[in-house]
Protein chains: 2
Amino acid sequence: MLEPLFSPKSIAVIGASRTEGKLGHAVVSNLIQSGFQGKIYPINPQSSEILGLPAYPNLAAVDDKVDLAVIVIPAKGVLQALEECGEKGVGAVIIISAGFRETGHEGLLAERKMAEIARQYGMRIVGPNVLGVIDTLAPYNASFAAGMPRRGKIAFMSQSGALCTSILDIALARDIGFSRFVSLGNKADLNEIDFLEAWAEDPESRVILAYLEGISDGARFIEVARRITKHKPIVAIKSGTTSAGSRAVSSHTGTLAGSERAYEAAFKQAGLIRAHSVGHLFDLAVAFARQPLPRNDQVAVITNAGGPGIMATDAIERSGLRVANLAPETIAALRQALPPAASVLNPVDVLGDALSDRYRVALDLVSKDPNVGALLVILTPQFMTEIEETARAVSEVARKSDIPVLACFMGEANTQAGVKILTQNNVPNYIVPEQAVAALKAMVDQRRWQETPLPNFERFEVDRERVAEIFRKVRAEGRLQIGDAEARDILEAYHIPIPASKLCTTPEEAVAFAEQIGYPVVMKIASPDILHKTDIGGVRLNIQNASEVRDSFDLMVFRALRRMPDATIWGCLVQQQVRGGREIIVGMNRDPQFGPLVMFGLGGIYVEVLKDVAFRIAPFSREEAHEMMREIRAFNLLRGVRGQPPADIAACAETLLKVSQLVTDFPEIVEMDINPLMVFEEGRGVMGIDMRLVLAD
Amino acid sequence: MLEPLFSPKSIAVIGASRTEGKLGHAVVSNLIQSGFQGKIYPINPQSSEILGLPAYPNLAAVDDKVDLAVIVIPAKGVLQALEECGEKGVGAVIIISAGFRETGHEGLLAERKMAEIARQYGMRIVGPNVLGVIDTLAPYNASFAAGMPRRGKIAFMSQSGALCTSILDIALARDIGFSRFVSLGNKADLNEIDFLEAWAEDPESRVILAYLEGISDGARFIEVARRITKHKPIVAIKSGTTSAGSRAVSSHTGTLAGSERAYEAAFKQAGLIRAHSVGHLFDLAVAFARQPLPRNDQVAVITNAGGPGIMATDAIERSGLRVANLAPETIAALRQALPPAASVLNPVDVLGDALSDRYRVALDLVSKDPNVGALLVILTPQFMTEIEETARAVSEVARKSDIPVLACFMGEANTQAGVKILTQNNVPNYIVPEQAVAALKAMVDQRRWQETPLPNFERFEVDRERVAEIFRKVRAEGRLQIGDAEARDILEAYHIPIPASKLCTTPEEAVAFAEQIGYPVVMKIASPDILHKTDIGGVRLNIQNASEVRDSFDLMVFRALRRMPDATIWGCLVQQQVRGGREIIVGMNRDPQFGPLVMFGLGGIYVEVLKDVAFRIAPFSREEAHEMMREIRAFNLLRGVRGQPPADIAACAETLLKVSQLVTDFPEIVEMDINPLMVFEEGRGVMGIDMRLVLAD
């Protein structure tokens, strides 16, 4: 839990200043004003007193244990100050000072040195280049921010210090509280994963928010986040796309992947909720922080106006939630209690002249309806509307009820006093119904996610050594691309079915093999020197009998030698000719941040023209493989439409898992495509017809 | 321009009241407080004075011309009061009273009577069941709203009175001004189209906003709106989906259409900008009301923080706008003027310690860059940030510049004073960059729309009478469904190519025709009694020569008579067999609100499984037909991919136009599908293979 950072008994400010307008002054002032109960030690060789506190010339002069130090001096002195912190036995250091990685290579080296010092002394570092850290529980404000937010259940971290100032300013205006508030800065030591872990079991943080630009260790991030999101929501903004994808890509998967796709997959697999703006981030945060998760996806709406009721209904249906079917008893009771013109079906319209008592009775009845999973209360400030009294009624029902109650008091001038009452009572308010519904949708999704067990990564018995051997051989020959026979061997080693085939050196051997596997067969000239076989007539399809096999063998060898007299000819490859089935592509591209990104799509135009593909980061579970397949728009084609029988979807999933295992086993695989993978009717499996694979250089 | 409504010299309030808390009191009070310069006549038989004004027992007692009357008495007295208004020669009446259409059939009849009275006296009516009307230019506030908005360039109308109260409340808090503000209510007389027309040339209204639930006359709405949006943006929220589509649908088009699709097409064709929430509506409204349209789609961003700069870039790229390429001179000048660590490429980062002077120099240089089409200024409230002074700098540049300048002061507590300065200077501010970019996107789209000429509806020389004749005959026979030969005749009458075919009564005639059109041919048994021809072997494909024609003729006739001895057999239909080409579906379904909704999609799985279709409401132009085709995801298949030659897209467009003409010419067509329409290679046209059509009963 990063004890010295979040429960310090004493804080030193290295670079504390008497001069207003200096960061070193703002930090000390904020610490004092934040109500920190421990000791504050301003460090400044030129002053003996700062803001009423005795100042010290250096850290060594402090005659006390220092848990947390804040460094706010020019960059050039930071490393030495950090060294002094280590010697003093400081537990954690917040380096506000900037001028490191962001200024060039030398700065990056300095940051590496910081990490080294931290390791050496068992000390943790936040920053450098941060706004600071605020903890409303300790409480302390070790930042140069312009205000301290109130205490609340939201933990926040941000890679942008400037954004922290915006977030705080909005939170101040909206009375949104935080538990912990951390500016991550350049992440020389502590990064987003450390804070996720720190806050995972923190009872004071019901929801974790993050603004991320890049992630330090993608695979570990997914693993850690996935465990946390099973009991605590994480809402994140991810901005910017890395341009690390500069390596030329040659596969389908490589062309269609890209860091945005990787992030999308990673967030999905980690159970992270992605916010698309700071506004959206707040909308979801207050819902998670203040209200329980919905019981189910059925939303009840109570409103004093038809139009906004329709807007809410539209939003509910568009988002995939359901407009709750009220129980007959609820409807009957509402009919009795409300005026005849009121609508007693959901949305319940208490009418424009409703006073708070009418809201109260509707709230009471609807919140107790067993069908209702969540409740949205809409109020427009009409002539007779009792805004504050209605806010009190909503608050009371929310307090008693175990379903989430969200409010939408549609206004901004005259609704303020009501909204204040709602906020004090932990009822989130939204200006428009669409925002409230978006929050409900995230809550329903979170509940479903929490009810789904952690994924189980199956492992198949495979011949890993055989693949390792092929890779060694290929590398020894100075190659990185793998296809043909080697590709078939790899598929076989991972038990992905391939057409029966054999390299035959004589026509007789070819006939014998063809008879064994059954006609028709495909024959291909086998030669290490002939790359483009079709160009020289070196591929023949649909060979039906022994005499055609013999003819084909001789003809292909004869013609190959006529065209390329110096070529080494091994003979002919005889291969089972696959008929029927649908073309699938299963591919992989290694993302610089998250690793092996596996793709699934239907062959032909579906991938090439319609770009109808789905991605997951390996490893993934069987359920995730099925989810991934269901994501493509053309999925119904696999389930069987227009009289076609259903395809063997289970076998597709199994292949995805085997590919997941292969690319996890061998991090040196940077790209691969099984294209096409033929999938046959249900129960008849799949077959990998062609595969290309590229190794890292 | 609805003169008496928007420039009244005298206003009477029928139902004015001395009692606070009554609507009739609120209306008089609002009128007085709004600064109305004309005469106010409270009408109330029980009072001689209301709020300091002499009151009159009835309208006739007013010894003056009354331009505008507001009726705010119980429903039962409204018709008589309206009659008195007519007799008095009142120009326009606002009926605030409720209790009409919304309460049942009798109320609806009363509304019809209102319309009748209005027509009789040449008087116009707003309402009944409205909040009222506000005009900040007259100025007057003839409503019972809780406040009067400031004067501004936004005209607003709403079908929900309650929503009006929310809109006003938000506008008051955000200091958003209106020119006219109308609650439409039940639309007994004046509807959304009337106000669109009234505001079309109103120089005081730069943008029109509308909240719509249903539209009174879809076709006319499109026609009127389309003309207006070519010089003035209309932003609308459409909520609710009509359930009028209860008639069972049997066509593909009918299944895929639906009122949401119709609205989408109608809004697109009318150039309306659709807002997805009240928040979005305001975001766009202030941009259009306060700033000029962008010069192009290149957006420049100036920021004092990297993170929000990235967010803006992400949003710009996602929305299809471009991050402006600054001119080399601008970059050079910025490099000279800003500190070395600043980013001088777009987004221009003036750094976290930027004071207003640094913003000012960047604003000045970037706003003059000839490449830049619009400017977004982001500010995060950091330690040294000069919020107000920067707001002044932004305002000055915005005033001087002819490109739009939008601000994103990311905050809410400490940024308020700065935002106030921006608002006073007509610079719209958004809390997050994504909202600002959404507004810029709408502005760029509006500019493009304005630059596109009004659509030209081509008309082809067709044989309309022949189709009319077929419809008469079909109806006379008590049928509504049309297929087969009649369908072919209809296509032919509208010059949509169909396969050559002829009803032949003898084998010899069949051979002669087959020789004439060329082999292969298709033959079908021709009988009014045989519906399912294939079931009795009555369809034969791929007939290659004269002898096969003779055999097929005799066999089909023999077998038909064996199966159905009493059937009338006319002979056989001999038809050109179409080969090659791609299957298209062109369909139509009549929308209850907007009329003929034409659909385009690729045949087979594209329509059935992928639901990859596009819609337009007929009539539409050739450009719109092309746009419609480009909308489907599979459009690239028609342009030619994977070695296939491009299809004859021009011929598809022409077919769409002919269908548009057909369904416009004959409003009795409720559904039709040409399925498949075969489209051949570029230059080789299309051919309608099969067509079904349903007439209205």
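Since the model is a prediction, treat every value here as computed from it, not as a measurement. (Residues numbered from 1 in each chain as written. Chains lettered and ligands numbered in written order. Predicted model: local features only at pLDDT ≥ 70, side-chain atom pairs only at ≥ 80, totals over all residues.)

Some points on the overall build of chain A
Phase 1: Each helix and strand in chain A was counted, giving 24 helices and 30 strands.
Phase 2: Seen through its C-alpha atoms, chain A measures out along the principal axes to roughly 100 × 80 × 35 Å.
Phase 3: Looking at the 697 residues of chain A, the share that counts as buried comes to 53%.
Phase 4: The long-range fraction of contacts in chain A, counting pairs at least 24 apart against all pairs at least 6 apart in sequence, stands at 72%. (Helix = DSSP H or I, 4+ residues; strand = E, 2+ residues; numbered from the N terminus. Buried ≥ 20, exposed ≤ 12 C-beta atoms within 10 Å, placed from the backbone. Contact = placed C-beta atoms within 7 Å.)

Let's talk about the pairing of strand β12 (residues 207-212) of chain B
Residue and element names in this part refer to chain B.
Phase 1: A large share of β12 lies buried, amounting to 6 of its 6 residues.
Phase 2: Because side chains alternate across β12, one face comprises the buried residues Val 207, Leu 209 and Tyr 211, and the other comprises Ile 208, Ala 210 and Leu 212, equally buried.
Phase 3: Pairing of strand β10 (residues 151-158) with β12 involves 5 bridges; the strand directions are parallel. The partner of Phe 156 across the bridge, within β12, is Leu 209. (Pairing = 2+ DSSP bridges.)

Considering the relation of the copies chain A and chain B
Phase 1: When chain A is fitted to chain B, the best match, at an RMSD of 0.1 Å, comes from turning it 180° and sliding it 0.1 Å along the axis. Taken together, these values place the two copies in the relation of a two-fold axis.
Phase 2: The residues that chain A uses at the interface reappear at the interface of chain B in 100% of cases, marking a shared surface. (Least-squares fit on C-alpha atoms with pLDDT ≥ 70 in both.)

A word on helix α12 (residues 328-337) of chain B
Residues and elements named next belong to chain B.
Phase 1: By the burial criterion, the buried members of α12 are Thr 330, Ala 333 and Leu 334. One face of α12 carries all of its buried residues, which in axial projection span an arc of 100°. Turned more than 90 degrees from where α12 packs its buried face, Pro 328 and Gln 336 sit exposed.
Phase 2: Taken together, the buried residues of α12 touch β17 (348-349) and α13 (356-367). (Arc of directions from axis to C-beta.)

Some remarks on the pairing of strand β22 (residues 521-526) of chain B
All names here are of chain B.
Phase 1: Buried residues dominate β22, accounting for 5 of its 6 residues.
Phase 2: Where β22 lies against strand β23 (residues 539-543), 3 bridges are found, and the strand directions are antiparallel. Residue pairing in the sheet places Lys 524 in a bridge with Val 539 of β23.
Phase 3: As paired strands, β22 and strand β24 (residues 571-576) are joined by 6 bridges and run antiparallel to one another. Bridge pairing in β24 links Met 523 to Val 574.

Let's talk about the sheet that holds strand β5 (residues 68-71) of chain A
Residues and elements named next belong to chain A.
Phase 1: As summarised here, the arrangement of the 5 strands in space is β2-β1-β5-β6-β7, forming an open sheet in which the pairing is parallel. Of all the strands in the sheet, the pair left with one neighbour each is β2 (39-43) and β7 (124-126). Looking at each pair of strands side by side, their axes are set apart by 20° on average, direction ignored.
Phase 2: The sheet contact formed by strand β6 (residues 92-95) and β7 spans 3 bridges and is parallel. Looking at the pairing, Ala 92 lines up with Arg 124 of β7.
Phase 3: Sheet contacts for helix α2 (residues 23-33): β1 (10-14), β2 and β5; angle to β1, the most-contacted strand, approximately 165°. (Axes fitted to C-alpha atoms, helices over the stretch in contact; angles between N-to-C directions.)

Here we look at the interface of chain A and chain B
Phase 1: In this assembly, 57 residues from chain A lie in contact with 57 residues from chain B.
Phase 2: If you list the elements that add at least two residues to the side of chain A that touches chain B, you get α2, α5 (161-174), α10 (278-290), α11 (306-318), α21 (605-608) and α23 (635-639) of chain A.
Phase 3: With 9 residues, α5 of chain A is the largest single contributor of residues to the side of chain A that touches chain B.
Phase 4: The class makeup of the residues in the side of chain A that touches chain B is 28 nonpolar, 20 polar and 9 charged. (Nonpolar A, V, L, I, M, F, W, Y, C, P; charged D, E, K, R; others polar.)

A look at the environment of Ala 12 of chain A
Residues and elements named next belong to chain A.
Phase 1: Looking at the secondary structure, you find Ala 12 in strand β1.
Phase 2: Considering only alpha carbons, one finds Ala 12 and Phe 471, 459 residues apart in sequence, at a separation of 56 Å.
Phase 3: Among residues more than four places away in sequence, those in contact with Ala 12 are Tyr 41, Ile 43, Leu 59, Val 62, Val 66 and Ala 69.

Some remarks on the domain arrangement of chain A
A common way to state how big an interface is: give the accessible area lost once the parts meet.
Phase 1: As assigned here, chain A comprises domain 1 (3-205), domain 2 (293-451), domain 3 (500-577) and domain 4 (582-695).
Phase 2: Summarising the inter-unit geometry, the C-alpha centres of domain 2 of chain A and domain 3 of chain A are found 73 Å apart. (Domains from an automatic or database assignment.)

As for the sheet that holds strand β2 (residues 39-43) of chain B
All names here are of chain B.
Phase 1: Spatially, the 5 strands line up as an open sheet ordered β2-β1-β5-β6-β7, and their pairing is parallel. The open sheet terminates on both sides in strands that have one partner only, identified here as β2 and β7 (124-126). Taken over all neighbouring pairs, the strand axes of this sheet differ in orientation by 20° on average, direction set aside.
Phase 2: Looking at chain direction, strand β5 (residues 68-71) and strand β6 (residues 92-95) are connected through 4 bridges and run parallel. Bridge pairing in β6 links Leu 68 to Ala 92.

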